[in-house]
Amino acid sequence: MSNKVVTIYFLTGNKHKVIEVEPIASKYGFKIKGYPGYKVEIQSMDLAEISEKAALLGYLYLGKPVMVEDAGLFIEALNGFPGPYSSYVYKVLGINGILKLLGGVSDRRAYFLSATTIIYKPCIITERGRVDGYISIEPRGDKGFGFDPIFIPEGSDMTFAEMSIDEKNKYSHRARSVSKALEKLGRCIEYMGSET
Ligand code: IMP
């Protein structure tokens, strides 16, 4: 890769996501700039389709390197609900609504999925990430966002909301999809450089 640090515009209004992704980007030699207002979200059951369409439209608007990340919480006992509708369900039901829905259910298994698309012409990359875990009995912790206070990843006994950014990034769906995508981008840029 050349020495010039590439800035990638992360199309999101979610500051927490930007803070999570910044240290990952710098590990791979990229700079991230949060860019709210350009994320067009289509409806689909497939997070990768959502992130790809949003990134393509964002790239058309901006004409600069863009990244879009889309995620959802899938609860086994609720047949994967809320899944791609997590944002809406979070707004309408919130954490307590989810805990109520689960009531006395003993199967607390759940997972987060994430899809990240990066467009840095001519590289178009989409990668997925997943973290398996459990829904806690009650909310714990005050860090992070969304369903963080009720999600405990496998291999830990803390919720995401009890973890520092670095700790959450060791487990999270987002850290996994973003790391894979940035790694691939590095290789794509290297390949393009060797072609010229
Ligand atoms: P988005 O469409 O990627 O913004 O994610 C949809 C919803 O899923 C968000 O509004 C959050 O409620 C939830 N969500 C996604 N990722 C996370 C996470 O890392 N922690 C907690 N909740 C999350």
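How each quantity is defined
As a convention, each chain's residues are numbered from 1 in the sequence order in which they are written. Local features in this predicted model are restricted to residues whose pLDDT is 70 or higher, and side-chain atom pairs enter the listing and the counts only when it is 80 or higher, whereas totals over whole chains, interfaces and linings include all residues. The side-chain figures draw on all heavy atoms in the structure; neither hydrogens nor water molecules are used. Think of a patch as exposed residues, more than 30% relative accessible area, with no salt bridge, where like charges cluster within 9 Å and nonpolar side chains (Val, Leu, Ile, Met, Phe, Trp, Tyr) cluster within 5 Å. Calculation of accessible area relied on Shrake-Rupley with a 1.4 Å probe; when residues are assessed, cover is drawn exclusively from the protein chains displayed. For this analysis, a salt bridge means a side-chain nitrogen from Lys or Arg found within 4 Å of a carboxyl oxygen belonging to Asp or Glu. The secondary structure listing takes helices from DSSP runs of H or I that are at least 4 residues long and strands from runs of E that are at least 2 residues long, numbered from the N terminus. Under the scheme applied here, a residue whose accessible area is under 20% of the maximum for its type counts as buried, over 50% as exposed, and between as partly exposed, the area being computed with a 1.4 Å probe on protein chains only. Contacts described as polar in this section are N or O atom pairs within 3.5 Å, which, within protein, must combine one atom able to donate a hydrogen with one able to accept it, while residues neighboring in sequence count only if both atoms come from side chains. The contact definition used throughout considers only heavy atoms, calling two residues in contact when any of these lie within 4.5 Å. Summary of the distance rule: residues count as near a molecule or strand when at least one heavy atom falls within 4 Å of that molecule or strand. Charged residues are taken to be Asp, Glu, Lys and Arg, nonpolar residues to be Ala, Val, Leu, Ile, Met, Phe, Trp, Tyr, Cys and Pro, and polar residues to be all remaining types, Gly included. Put simply, a nonpolar core is a bunch of buried Ala, Val, Leu, Ile, Met, Phe, Trp, Tyr and Cys residues held in one set by side-chain atoms that sit within 4.5 Å of each other. One bridge is not enough; two strands pair if DSSP finds at least two bridges between them. Any two cysteine sulfur atoms within 2.5 Å of one another count as a disulfide. Side-chain rings of Phe, Tyr and Trp (the six-membered ring for Trp) are treated as a pair once their centres are within 6.5 Å; stacked means planes under 30 degrees apart, edge-to-face means over 60, and tilted covers the remaining angles.

> Would you explain a nonpolar patch on the surface in this entry?
On the surface, Met45, Phe81, Tyr85, Tyr88, Val92, Leu93 and Leu101 cluster together to form a nonpolar patch covering roughly 710 Å² of accessible area. Checked against the element boundaries, Phe81 lands in the loop between β3 (66-75) and β4 (82-83). According to the relative accessible area criterion, Phe81 is partly exposed, its value standing at 31%.

> In this structure, what is going on with the side chain of Ser179? I would like to understand it.
By the secondary structure assignment, Ser179 is in helix α6 (residues 173-195). Within the local environment of Ser179, its side chain forms a polar contact with the backbone oxygen of Ala175, the two atoms lying 2.6 Å apart. With sequence-adjacent residues up to four places away left out, Ser179 is seen in contact with Ile24 and Tyr28.

> What exactly am I supposed to notice about the site of the ligand here?
Of all residues adjacent to the ligand, which total 15 residues, the nearest are Lys17, Ala71, Asp148, Lys168 and Arg174. Here an oxygen atom of the ligand sits 3.4 Å away from a polar atom, N or O, in the side chain of Asp70. Between the ligand and His173, the relevant distance is 3.2 Å, taken from an oxygen atom to a side-chain nitrogen or oxygen of the residue. For the ligand, the protein covers 91% of the area, taking 480 Å² as the surface of the free molecule. In the shell around the ligand, the residues fall into 5 nonpolar, 4 polar and 6 charged.

> Teacher, can you tell me more about the nonpolar core here?
In summary, soluble globular proteins display a tendency toward joint burial of nonpolar side chains. Ile8, Phe30, Ile32, Met67, Ile118, Leu182 and Leu185 are the most contacted members of the largest nonpolar core, which has 19 residues in total. For this core, the secondary structure elements donating two or more residues are β1 (6-10), α1 (15-27), β2 (30-34), β6 (123-135) and α6. When residues of this core are assigned to their parent elements, the largest contribution, 6 residues, is made by α6. With 16 residues, the next largest nonpolar core counts Ile75, Val89, Val131 and Phe151 among its residues.

> I keep staring at the environment of Phe160 and nothing clicks. Help me out?
Within the secondary structure, Phe160 is located in the loop between β7 (151-153) and α5 (165-171). On a C-alpha basis, the gap between Phe160 and Ser177 in space is 17 Å, while along the polypeptide they are 17 residues apart. Residues within four places of Phe160 in sequence aside, it is in contact with Phe112, Val131, Asp148, Phe151, Pro153, Lys168, Tyr171, Ser172 and His173.

> Whenever I open this one, the pairing of strand β5 (residues 109-120) confuses me. Can you help?
Regular strands place side chains that alternate from one sheet face to the opposite one. Most of β5 is tucked away, with 9 of its 12 residues classed as buried. Sheet analysis places β3 next to β5, joined by 10 bridges and oriented antiparallel. Its bridge partner being in β5, Val66 is matched across the sheet by Ile119. Across 12 bridges, β5 lies against β6 in antiparallel orientation. Among the inter-strand pairings, Thr116 is bridged to a residue of β6, identified as Glu127. Where β5 folds back on β6, the antiparallel hairpin that results is connected by 2 residues.

> Please clarify how the state of the cysteines should be interpreted in this entry.
Here, the word disulfide means a covalent bond between the sulfur atoms of two cysteines. All told, the structure shown has 1 disulfide when counted by the stated rule. Through a disulfide, Cys123 is tied to Cys188; the S-S separation comes to 2.1 Å. Residues Cys123 and Cys188 are joined by a disulfide whose S-S torsion is about -90°; by sign, that bridge is left-handed. Linking Cys123 in strand β6 with Cys188 in helix α6, this pair joins segments that are 65 residues apart in sequence. For Cys123, a relative accessible area of 3% corresponds to the buried category.

> Teacher, can you tell me more about the packing of aromatic side chains here?
Each pair of aromatic rings is reported with the distance of its centres and the angle of its planes. Applying the stated criterion to the full structure yields 6 aromatic pairs. Where Tyr90 meets Phe147, the ring centres are 5.2 Å apart and the plane angle is 85°; that geometry is what we call edge-to-face. Highlighted residues: Tyr90 in helix α3 (residues 86-92) and Phe147 in the loop between β6 and β7, separated in sequence by 57 residues. When its relative accessible area of 5% is taken as the criterion, Phe147 is described as buried. Here Phe151 and Phe160 contribute two aromatic rings whose centre-to-centre distance is 5.2 Å and whose plane-to-plane angle is 45°, an arrangement assigned as tilted.

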